Amino acid sequence: MTQQRRTHQIGTGLFIVLGFAALAYLATQTTSVANFSQGDSYALKARFTNIGQLKMRAPVKLAGVRVGSVESITLDPAKLDAIVRISIDKHYAEIPDDSAAAIFTSGLLGDQYVGIQPGGSPDMMKDGDEFVLTQSSMQLEDLIGKFLVSGSPQKPANGQGASAEDKAEPAPSSKP
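Attention in this report is confined to the structure presented alongside it. Being a predicted model, the structure only gives us computed values, none of them experimental. (Residues numbered from 1 in each chain as written. Predicted model: local features only at pLDDT ≥ 70, side-chain atom pairs only at ≥ 80, totals over all residues. Heavy atoms only, no water.)

### Quick look at the nonpolar core
Within the largest apolar cluster, 21 residues are counted, with the highest numbers of intra-cluster contacts made by Leu54, Val60, Val70, Ile86, Ile88 and Phe131. Residue assignment for this core shows that the elements contributing at least two residues are strand S1 (41-48), strand S3 (65-76), strand S4 (81-89), strand S5 (100-105) and strand S6 (112-117). Here Val60 is in contact with Val65, Arg66, Val67, Gly68, Ser69, Val70, Ile86, Ile88, Val114 and Ile116, once residues within four sequence places are set aside. (Core = buried A, V, L, I, M, F, W, Y, C linked by side-chain atoms within 4.5 Å. Buried < 20%, exposed > 50% of the residue type's maximum accessible area, 1.4 Å probe, protein only. Helix = DSSP H or I, 4+ residues; strand = E, 2+ residues; numbered from the N terminus. Contact = heavy atoms within 4.5 Å.)

Below you can see the structure in the form of structure tokens.
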């Protein structure tokens, strides 16, 4: 009886250890730390008025492919803009200098990342260059607020506040 109980305890312990190992593997595979190995790289800068929840080591993607990561985030005291310094892998050195950088969200409530939208210039970006065109993060709270405030336009029941178009006479028809 004690041998069977001991075997049961060992099996249960192994199951728990394997469960924790699986959770640890999933945790490392879903973070931006494990998904990208950075070799030789070059740095680019982008200015944003609002970076939302963008964090250091967040992915930088071009056409959905991870090409780099966010290296640092600082605040410009003069313009009060966020300066995001990104590190791009040297394998992806062919980014046109008129490309745009934007902050996107993975899924509905996912992490934010910097997306590069390539331009058409024959000249390529070099180490230390800055994106001229940027698009700041869209805040979910702001979008919901705009939707709730604007909603659907309603006409007042008493006719007050009607626009000039609402008060205008209908145009005569051209039927014979």
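Now that the structure has been shown, we can carry on.
### A closer look at the environment of Asn50
Among the structural elements, Asn50 can be located in the loop between S1 and strand S2 (59-62). With 33 residues separating them along the chain, Asn50 and Ile83 place their C-alpha atoms 10.0 Å apart. For Asn50, the contacting residues outside a window of four places in its chain are Ile103, Ser136, Ser137 and Gln139. Separated by 2.8 Å, the side chain of Asn50 and the backbone nitrogen of Gly52 make a polar contact. (Polar contact = N/O pair within 3.5 Å; in protein donor to acceptor, adjacent residues only side chain to side chain.)

### So, the pairing of S2
Pairing of S2 with S3, which is carried by four bridges, proceeds in the antiparallel orientation. The residue of S3 that forms the bridge with Lys61 is Arg66. Where S2 folds back onto S3 in an antiparallel hairpin, the turn is made up of two residues, including Ala63, whose phi is positive at roughly 55°. Pairing analysis gives three bridges linking S2 to S6, with the strands arranged parallel. Paired with Lys61 across the strands is Gly115, a residue of S6. (Pairing = 2+ DSSP bridges.)

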